[in-house]
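Each chain, written out:
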Amino acid sequence: MKQLGEILLDDGLVTQDQLLAALDEQVIRGVSLGRVLVEAGVLSESQLVSALAQQVGLPFVDLDEYNVDRKAVVLIPGSLCRRYTVLPIGFEGGSLLLAMADPGNVLALDDVRQISRMQVIPVVATHEDLSRALDRFIRADGEMTELSNALVEQQEEDDLDLSAMGDSIDDDAPIVRYVNLIVTQAITDRASDIHIEPTEHDLRVRYRIDGVLHEMQRSPRSTQAAVTSRVKILSDIDIAEKRKPQDGRMSVNHNGRKIDLRVATLPTVWGEKIVMRILDNSTASLDLRDLSFGESNYEIYKESYQKPYGMILVTGPTGSGKSTTLYATLNAVSKPEINVITVEDPVEYRLPGINQVQVNPKAGLTFASALRSILRSDPDVVLLGEIRDHETAQIAIEAALTGHLVLSTLHTNDAPSAVTRLTEMGIEPFLVGSALDCVVAQRLARKLCDKCKEPYLPTPEELAAAKFPWDGSEDLPVLYRPAGCTACSKTGYRGRLALHEVMQVTEEIERLAVAHASAAEISKVAIANGMKTLRDDGWMKVGEGRTSIEEILRVVA
């Protein structure tokens, strides 16, 4: 059998010097040669697994490229596939092709052979590729349909006691498994929101993935009462109140992680609609460098949040990632020697070492009253969930002027409009100019899938129609467009990136604020001072091959 080092040299994956250095490291650390090379960035995980497969004489498959046969997938139960991290992917000469991360797992091979009643040919795939493929092919859709039918049958046989659908209900009951599957499948699919919507004839379930809603499931209308009641009781919402909107919160464990969901009900003509926002705490621990800031934008923003006082505003529509940016900023400024207090409605993510206050209007704890109270609690940094009215804006401005760093959000279309919005709220223009230090406008665009994005040369007409910055004096730029593969569910996009417009409030902009200048005038000066607009930042990311022209035109007006 050839040694791994020989295979890597023969395939041209490593040089002699890299191999010798890795062998020395292997001896010093007692780690496998392949792992040393992967950690050093010489090899990718798939290149290593491919070489190891070659070493033991088994074929290697890239599951993102391989055309998986669904007839093979359904032969083996999903629970067994997940337990062993294996996936049937096709047939060869009357035998079943089985992708495995560990082809030496004899138990897995025996169980698959016994259940399928076929001979099994193992092939090797990376653990990461297999996990993604399992999420794509071993889905809960079929089981959800079966459970909704079982729920209908149960209701026909005997009336369900809707008030008993809390934690005491049997874990194997169809309604419990149905709601659990809706939530776990949404988390697996990287959804940010779950919409459970009653219609005239059925109950529709949709997931928002990468900012776009996708229909996932329809079940009979008769299941609506049971599903709504189960979700409301889990979220500690009044089950009897159906005439007014309500809010609640629930938590689930998913693959060893605790994930919170914020639940909102809304009465509609066909019944109560439920929206569950999935709050993944890993988002709250992001670094600002993970938020796709351009280099110049990052430096301007960093200069602002490192100051001991002043106001920083993040603006944009709902769902544009404002909270994520603010939490990442808190992670950057938070230290044991400073006191950080937040006022939020609701508190979405629990952050260690930070004092978080939940707004409660019924108890008289509004944004304004909470902010007034926390300013007596000796804060250094204050995060205010949103500036909604004159009173809150006035106290926030005063806090920024009296030695506090204030972070907050506003709903405006661009950064310059934040200045005029504050003056429209009744804040004195000279106070706005003095307190406001930086405004960040933000949007989220879908990222092109790295596996299938394809390069192309756009026509001059296309660039002109999109107002892409190309003057015709140089060669046409090579851009990328979505193609669609199994890794991105044929959409061509996977994940999202942020577009930023960072405006530093200079003396010139201060003077314009005092003079009641319009947002357009402030924008002109800011651009002259070097501000990149949202669209400019978008075009830069299109040029880098990270997103497409169509996506920028979709999210930026």
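Residues numbered from 1 in each chain as written. Predicted model: local features only at pLDDT ≥ 70, side-chain atom pairs only at ≥ 80, totals over all residues. Heavy atoms only, no water.

**Thoughts on the state of the cysteines**
Linking two cysteines covalently through their sulfur atoms gives a disulfide. Counted under the stated rule, the structure contains zero disulfides. Left without a disulfide partner, Cys-449 is nearest to the cysteine sulfur of Cys-452, which lies 3.8 Å away. (Disulfide = S-S within 2.5 Å.)

**What to know about the sheet that holds strand β3 (residues 120-124)**
Read from one edge to the other, the open sheet built from three strands follows the order β1-β2-β3, with strand pairing classed as mixed. The outermost strands of the open sheet, each flanked by one partner alone, are β1 (86-92) and β3. Shown here is a sheet whose adjacent strand axes are inclined to one another by a mean of 30 degrees, direction ignored. Inspection of the sheet shows strand β2 (residues 95-100) paired to β3 by five bridges, in the parallel sense. In the sheet register, Ala-99 faces β3, and the bridge partner there is Val-123. (Pairing = 2+ DSSP bridges. Helix = DSSP H or I, 4+ residues; strand = E, 2+ residues; numbered from the N terminus. Axes fitted to C-alpha atoms, helices over the stretch in contact; angles between N-to-C directions.)

**A short note on the environment of Gln-3**
Within the secondary structure, Gln-3 sits in the segment before α1 (4-10). In this structure Gln-3 comes out as exposed when scored by relative accessible area, which is 51%. (Buried < 20%, exposed > 50% of the residue type's maximum accessible area, 1.4 Å probe, protein only.)

**Comments concerning the UniProt feature "domain: Bacterial type II secretion system protein E" (unreviewed entry) in the chain**
Per the UniProt record, the feature "domain: Bacterial type II secretion system protein E" (unreviewed entry) sits at residues 375-389. With 0% helix and 27% strand, residues 375-389 has end C-alpha atoms that lie 18 Å from one another. (UniProt positions renumbered as here; feature names shortened; annotations may be inferred.)

**Points about the packing of aromatic side chains**
According to the stated counting rule, one finds four aromatic pairs in the structure shown. Following the ring pairs from residue to residue traces out a cluster consisting of Phe-293, Tyr-298, Tyr-301 and Tyr-305. In this arrangement the basic side chain of Arg-83 is found over the ring face of Tyr-84, its NZ or CZ atom lying 5.4 Å from the centre. A cation sits over an aromatic face here: Arg-446 above Tyr-493, 4.2 Å from the ring centre. (Phe/Tyr/Trp six-rings, centres within 6.5 Å; stacked < 30°, edge-to-face > 60°. Lys NZ or Arg CZ within 6 Å of the ring centre and 35° of its normal.)

**A look at the environment of Val-183**
Relative to the helices and strands, Val-183 is located in helix α10 (residues 174-188). We classify Val-183 as buried; its relative accessible area is 3%. For Val-183 and Gln-18, which are 165 residues apart along the polypeptide, the C-alpha to C-alpha distance reads 47 Å. Filtering out sequence-adjacent residues up to four positions away, Val-183 remains in contact with Ile-194, Val-252, Leu-261 and Met-276. (Contact = heavy atoms within 4.5 Å.)

**With respect to the layout of surface pockets**
Put simply, the second largest pocket is a space of about 610 Å³. If you trace the second largest pocket, you find 23 residues lining it, with Arg-136, Asp-189, Ala-487, Cys-488 and Ser-489 closest to the centre. Where the lining of the second largest pocket is concerned, the elements lending two or more residues are α8 (127-137), β6 (212-220) and β18 (493-504). (1 Å grid on protein atoms, 1.4 Å probe; cavity = no way out; pocket = protein on both sides within 12 Å on 5 of 7 lines; lining within 4 Å. Points joined across faces, edges and corners; volume = space filled by probe spheres on them.)

**Observations concerning the pattern of salt bridges**
Applying the stated rule across the entire model yields 24 salt bridges. Across the salt bridge formed by Lys-273 and Glu-197, the nearest N and O atoms sit 2.5 Å from each other. With Lys-273 in strand β9 (residues 271-279) and Glu-197 in strand β4 (residues 191-198), this pair connects stretches of sequence that are 76 residues apart. Taken together, the shared-partner salt bridges connect Glu-197, Asp-202, Arg-204, Arg-206, Glu-215, Arg-218 and Lys-273 into one network. (Salt bridge = Lys/Arg side-chain N within 4 Å of Asp/Glu carboxyl O.)

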